[in-house]
Amino acid sequence: MAYWFRMKAFERILKPLQGTIFSSNSLVSASNRRKMATEAKELISPELGREKLRLLLPPLHIGMKTLDKTAFAKEISVPTIVVSEANLPKVVNSLKPFLLKLRKFKSIVEDSNHPKTKKIYLNPDVVTDLSYFVSTSFNVEQNSYILSSSNELITIFYENWKWDELLNSILPDGEDKVGGYTLVGSLIHLNLRQHLLPFKSIIGQVLLDGVTQAKTVVNKLQSIDNKFRNFHMEVIAGEPNTIVKLKENNIEFEFDFATVYWNSRLSSEHDRIVTGYLKHHDILFDVFAGVGPFAIPAAKKRCFVYANDLNPESHKWLAHNVEKRKVKPYVKTFNEDGRDFIRNILPKLIRNSVPSALSNDFEFYASSGKIHVTMNLPAMAVDFLDAFWGLVSAEELNQEICIIVHIYCFIRGMEQKEYKNMAVELVRQKLRHELPVDKILEIFFVRNVAPLKDMYRVSFTLPHEILTNQIPTVNNDTLENSNTSEDPAAKRLRLDDNEED
C-alpha cells in the first residue's frame, strides 16, 4: 500500500509535466526540465521520509472516526510570481503545468499590494527552488514580465483537499482503502469491506463534502434480495432519501435506488442494443426490464416495446418513466415472472394474427420488422431459455417472424481466452439446442465483474423449430455436468462482487 501511495503521488506530480519535460519548445530550459523531473521522481523514494512526500497532502490523522475539519488545516510555503495583468496572457499558458491546483482554490488572484497585477501560486512539490526556477526558466524578454517572486505562507483547509487524499490520511495503512464509488444521480453507492465499517460515518461525510453533486451516501449491506435483484443498504451520510434522478444516454430516469436494480456501468451496453440492433417499428421484448434502460430509449426510437419485471417496485418506476418520457403509446408494461411473460405474451406476437393480438395503439406487422428479446439477468437468465420451446404450433407460426435473442450471462474460470466459447456452449446447453454457427450474431464481452469473472452477451437468431416443437428430454447426467454460469450456491448475488448484473 505504501508503494502504491508513493506511485499515485508521483503520477499526480508528473502528469502536468509530461508536455513540458519532453518538449524542446517549452518555456523551461532542457537542463531545468531534467532537474525538475529528477526531483519529482525522488518523491517516490522511501528514504526521503513521509514529510516531504506529503507536502501537498493533508496532515495524517490515522484512525479518526469523528470528523474534525479543523484538524486538516495545514500551512505550507508556496512559491509565487507576480506579473502585470497585461502580461499575464504571455506567461500563463507556459506556467499552467506548474500552477498550484487545489479544490476551491484560485491559483491566479489579484495582488492586493499592487494595482493591476496578478499573483500566481506555483506547486511547491514541482518548483522546489524558486530562484533557480526564475533564473533558468525564462529568457530576457520573459524575465521582464516578472515583477517579483517570493515564497508565501498559506493555509490549506479541509475543503481544499480531495476526498481520496483525506481518506488516505484517516484510514489505517496495511489494508485496502476506499478505491472508488458509484454515483447514481445525487446518491453515492459504496460497498465497504468489513475492516472499513468502523469508519463508515467519516467516509460518508468526507465523500459527501468532496463530491459536488452528492446529497446522500449509502453502503451496501450483507442482506441481498435474490428475487428482485436489489440489495439492502443503509444511509451513512446526507439526506435519508434514496429516490434519484439521472440521465443515461440523454434520457432521464427516476427511481428509488433502494428498491430496484440499476447499474450505471451498463449504459454503453444499453446504447449498443438500441442503436446497433433496433430499427424503427421493430419490437423489443424485454424480459427483465428493470426501470426501463432498454425499453425507454427503444420507445423513443419508435419501436414497440413489451417490458416486464417481476419486482413490483421496478414495474412501478418503469411505468412512471414511460409516462414521464411520453412514450406510453409505444410501451406495454408487465409485472410477471420472466418465464410466464415469455410463455403467455410472446406467442401472441408470433402467430399469423399478429395485428389483432396487439392494442389499437400498436400498428406493427411481423413482416415489417424483427422481435428483439433482451434478457439481462446474467446470474440466471440462461435458465429461462427453455421457455421458448413449443410456444405455437407450426400452423400458427408466422413464417416471416425473425426473433433475435440478446442474453446476458456470467462466465468464470481460469482460461479467460475460452470465455467466448464457454458463453456459447452455456447458451446451447440451456437452450437444449445445437445452435448452429450461422444463427449466432455476436458474442460480446460486456465488462469484468470480479477476478476471473466476466459478463458476456450472446446475440442469436432463435430457430423456428424451437418455437413449434416440444422441449427435448435431456439426460440427467448431462444436465449435472453442464457448464452453467454459476453453481446453485453461487446464483445468490454475492457481496464480494461490487456489481452483480
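The shown structure was predicted, so the numbers you read here are calculated from the model rather than taken from an experiment.

So, how was this worked out
- Residues numbered from 1 in each chain as written.
- Predicted model: local features only at pLDDT ≥ 70, side-chain atom pairs only at ≥ 80, totals over all residues.
- Heavy atoms only, no water.
- Helix = DSSP H or I, 4+ residues; strand = E, 2+ residues; numbered from the N terminus.
- Buried < 20%, exposed > 50% of the residue type's maximum accessible area, 1.4 Å probe, protein only.
- Pairing = 2+ DSSP bridges.
- Axes fitted to C-alpha atoms, helices over the stretch in contact; angles between N-to-C directions.
- Parallel < 35°, antiparallel > 145°, perpendicular 65-115°, else oblique.
- Left-handed = near helix turned anticlockwise from the far one by under 90°.
- Contact = heavy atoms within 4.5 Å.
- Nonpolar A, V, L, I, M, F, W, Y, C, P; charged D, E, K, R; others polar.

Some remarks on unusual backbone geometry
- One non-glycine residue, K116, lies in positive phi territory at about 55 degrees.
- The residue K116 is located in the loop between β2 (108–110) and β3 (117–121) in this model.
- Overall, K116 belongs to the exposed group, its relative accessible area being 65%.

As for the sheet that holds strand β15 (residues 403–412)
- As summarised here, the arrangement of the 7 strands in space is β13-β12-β11-β14-β15-β17-β16, forming an open sheet in which the pairing is mixed. Two strands close off the open sheet at either side, each with one partner strand: β13 (331–334) and β16 (440–450). Strand-to-strand twist in this sheet, taken as the mean axis angle between neighbours without regard to direction, amounts to 15 degrees.
- In terms of strand pairing, strand β14 (residues 371–375) meets β15 through 5 bridges, oriented parallel. By the bridge assignment, V373 is partnered in β15 with V405.

Some words on helix α8 (residues 163–170)
- Of all 8 residues making up α8, 7 are buried, and the element is well covered by its neighbours.
- Those residues of α8 that sit buried are W163, E165, L166, L167, N168, S169 and I170.

Digging into the packing of α8 against helix α9 (residues 200–210)
- Close contact between α8 and α9 brings their axes to 9 Å; oriented N to C, the two are set at 160 degrees. With respect to their mutual orientation, α8 and α9 come out roughly antiparallel. Crossing angle aside, the handedness with which α8 passes α9 is right-handed. Contacts between α8 and α9 involve W163, L166, L167 and I170 from the first element and I202, I203, V206, L207 and G210 from the second.
- For the contact of α8 with α9, the residue count by class is 8 nonpolar, 1 polar and no charged.

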